[in-house]
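One letter stands for each residue in the lines below.
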Amino acid sequence: MRTRTFLLSTLALAAAMVVPLAHAQDKPIRLIVPYAAGGPLDITARALAERVKDSLGTVIIDNKPGAGGNIGASAVAKAAPDGLTIGIAATATHAVNPWLYSKMPFNAATDFAPITQMVRVPNVLVMNADTAARLKISTLKDLIAYAKANPAKLNYGSGGNGSAGHLAGELFKKEAGIFAVHIPYNGGNPAQLGLLSGQVDYNFDNLATAAPNIKAGKLKALAVTTLTASSALPGVPPVADTLKGFSVDTWWGLVAPAGTPKDVITKLNTAFVAALNAPETKTRFATLMAEPVPTTPEAFGILMANERTKYEGMVKTSGAQVD
C-alpha cells in the first residue's frame, strides 16, 4: 500500500513539473522591433510573424524605438534566454552604433545569439535630376570627374551625422579621391526633401525610399552600393564597378539573447528560414525593394562580426560621434 501511495505521489509530482513546461510552449513569442511601426523593418517583421504562426505559435510584434535602435536592442539583450523574446538586429544597432555611441547599453558582439539574416536592401547614389542634367552628369564616372575638376562645389545630404548615408558618403569621397560638403539633416525624410528641392546635389539613400522618385524622374540613380547589380534597379551599375570593393548594404535579421539554448535557436531558424523562402514572402518584400536572405545562425553571426569591423573604420574616418 505504501509502495502504491509513493508511486502515485511520484507520478503526481512529475506531472506537476511537466505541466508548467507544456504551458511555457504555448506562450507567445515577443519579437522586438527597435524602430517605430510602419517602417520597412516593422513591415517585414510582421509579415514573417504571420507566416510562422503555424510552426511557432503566436508572435507578437513589440515596437521599442529610440536612441538609434539601442533601446529595443538592449531589451532583447536583457531578456530571459528562453526563446520567448527575440528581436531585430540591424546595420545601425549591431554594426554602426557600437562605434558611434560613446556609451552602449549592450555589447553587440557578445549579448546576442544570431538566428538568421532576414533581408538585404541596396542603397543607391542618387542625384537631383535637374542638377544632373545641368552639370551633364549621367554616370558615376561623370560625377567623380566633375567633383575632381570642381573641388568642394558639390554637396551631399544625409539623415544625420553617423547615419548610413553619411558613412557611405564619406567612404565614397575617400575611395574616389574627391571632396564634397556634407549637409546633415534631422532624419532621412528631410534629407530626401533637401535633395528633391535642389538644396543638395546627391545622396546615398535607401533604395526602398528613393525608388518612387527615381521612377518619377525626379532623381537620377547613378549606382547601387551592393557589390553586384540589383535586380530591383535594372541597368544601374554598382559603385564597385568603378571603385573596387565598395559595398554599403542595409541589412537586418533576427537575434535572441545570448545563452538561448542551441535547440531553441535551431527551431527558430528552421521556422523563419522557411518563411523567408516562401514565394509569398519574396513577392511581398519585393515591394519594399528588400531581398530575403535566409542564412544559418553561424553565417549571420559572421556577417555581423564582419560588418562591425568594416563600420569601425568608417565611423572613425567620418569623425561622427553621439554623446
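Residues numbered from 1 in each chain as written. Predicted model: local features only at pLDDT ≥ 70, side-chain atom pairs only at ≥ 80, totals over all residues. Heavy atoms only, no water.

1. Re the nonpolar core
Under the convention used in this document: The definition of a nonpolar core used throughout is a set of buried Ala, Val, Leu, Ile, Met, Phe, Trp, Tyr and Cys residues joined through side-chain atoms within 4.5 Å. For every residue, the accessible area obtained with a 1.4 Å probe (protein chains only) is divided by the maximum for its type, and the residue is called buried under 20%, exposed over 50%, and partly exposed between those limits.
Leu125, Leu140, Leu143, Phe172, Tyr202 and Phe246 are the most contacted members of the largest nonpolar core, which totals 46 residues. In this structure, Ala47, Met118, Ala256 and Leu288 belong to the second largest nonpolar core, which totals 32 residues.

2. A closer look at the layout of surface pockets
Note the following rule: Buriedness of a pocket was judged along seven lines, with at least five required to meet protein on both sides within 12 Å; pockets are open sets of points on a 1 Å grid over the protein atoms alone, cavities are sets where a 1.4 Å probe fits but cannot get out, and lining residues have an atom within 4 Å of a point. Grid points are joined across faces, edges and corners, and a volume is the space filled by probe spheres set on the points. Helical segments are the DSSP runs of H or I of at least four residues, strand segments are the runs of E of at least two, and each set is numbered from the N terminus. As a working rule, the residues Ala, Val, Leu, Ile, Met, Phe, Trp, Tyr, Cys and Pro are called nonpolar, Asp, Glu, Lys and Arg charged, and the rest polar, with Gly in that last group.
The calculated volume of the largest pocket comes to roughly 1,200 Å³. Around the largest pocket sit 45 residues that line it, and Tyr35, Ala92, Ser163, Ala164 and Gly188 are the ones nearest its centre. Looking at the lining of the largest pocket, the elements with two or more residues in it are helix H2 (40-51), helix H5 (91-100), strand E6 (155-158), helix H8 (164-176), helix H9 (188-196), strand E8 (202-206) and strand E10 (250-257). Counted by class, the lining of the largest pocket contains 20 nonpolar, 22 polar and three charged residues. Its boundaries defined by the atoms lining it, the second largest pocket holds a volume of some 390 Å³. Residue lining of the second largest pocket: 21 residues in total, with Arg120, Pro122, Thr226, Ser230 and Glu291 positioned closest to the centre. Those elements that place two or more of their residues in the lining of the second largest pocket are strand E4 (112-121) and helix H13 (297-318). Split into classes, the residues belonging to the lining of the second largest pocket amount to 10 nonpolar, six polar and five charged.

3. A look at the pairing of strand E1 (residues 29-33)
Which entries qualify depends on this criterion: At least two DSSP bridges between two strands are required for those strands to pair.
With four of its five residues buried, E1 lies for the most part within the structure. Bridge analysis of E1 against strand E2 (residues 59-63) gives five bridges, and the strand direction is parallel. Bridging from a neighbouring strand, isoleucine 29 pairs with valine 59 of E2. Pairing of E1 with strand E3 (residues 85-90), which is carried by three bridges, proceeds in the parallel orientation. Within the sheet, the bridge partner assigned to isoleucine 32 lies in E3 and is glycine 87.

4. Quick word on the environment of threonine 110
Put simply, the rule reads: Pairs of N or O atoms within 3.5 Å make up the polar contacts considered here, provided that, within protein, one atom can donate a hydrogen while the other can accept it, and that residues adjacent in sequence are counted only when both atoms are side-chain atoms.
Of note, threonine 110 is situated in the loop between H5 and E4. It is 9.3 Å that separates the C-alpha atoms of threonine 110 and alanine 77, two residues lying 33 residues apart in sequence. There is a polar contact of 3.5 Å between the side chain of threonine 110 and the side chain of aspartate 111.

5. Some details on the confidence of the model for the protein chain
The line we're drawing: pLDDT is defined as a per-residue confidence score from the predictor, taking values between 0 and 100. In what follows, a contact means two residues having at least one pair of non-hydrogen atoms within 4.5 Å.
Across the protein chain, pLDDT averages 90, with 92% of residues at or above 70. Confidence over residues 5-24 falls short of pLDDT 50; this stretch has one contact with residues more than four positions distant or in other chains.

6. Observations regarding the sheet that holds E4
Just so we agree on the cut-off: Fitted lines through C-alpha atoms give the axes, limited to the stretch in contact for helices. The angle between two N-to-C directions lies from 0 to 180 degrees.
The strand order across the open sheet built from six strands is E2-E1-E3-E10-E4-E11, with neighbouring strands paired in mixed fashion. Each edge of the sheet is formed by a strand with only one pairing partner; in this case those strands are E2 and strand E11 (291-292). Its contacts with the sheet put helix H4 (residues 70-77) on E1, E3, E4 and E10, and the angle it makes with E10 is roughly 30°.

7. A look at unusual backbone geometry
With a phi angle near 55°, alanine 67 is a residue other than glycine that sits in the positive phi range. With a phi angle near 60°, methionine 289 is a residue other than glycine that sits in the positive phi range. Looking at where methionine 289 falls in the secondary structure, it is placed in the loop between helix H12 (279-286) and E11. Overall, methionine 289 belongs to the buried group, its relative accessible area being 14%.

8. Focus on H5
Most of H5 sits inside the fold, with seven of its 10 residues counted as buried. Listed as buried for H5 are Thr91, Thr93, His94, Ala95, Val96, Asn97 and Leu100.

9. Re H8
Rule in force here: Multiply 1.5 Å by the residue count of a helix minus one, and that product is the helix's expected span.
In this model H8 runs 18 Å from its N-terminal to its C-terminal C-alpha over 13 residues, within 8% of the 18 Å that 1.5 Å per residue would give. Counting buried residues along H8, 10 of its 13 residues qualify, which places the element largely inside the surrounding structure. Three or more residues of H8 are buried, namely Gly165, His166, Leu167, Ala168, Gly169, Glu170, Leu171, Phe172, Lys173 and Ala176. Residue glycine 177 follows H8 closely and has a positive phi angle near 70°.

10. What to know about the pairing of E4
Two faces make up the sheet, and in a regular strand the side chains alternate between them. Here E4 lies mainly inside the structure; eight of its 10 residues are buried. With eight bridges joining them, E4 and E10 adopt antiparallel strand pairing. By the bridge assignment, glutamine 117 is partnered in E10 with glycine 253. Taken together, the two bridges between E4 and E11 define a ladder with antiparallel strand orientation. If you follow arginine 120 over to E11, its bridge partner there is glutamate 291.

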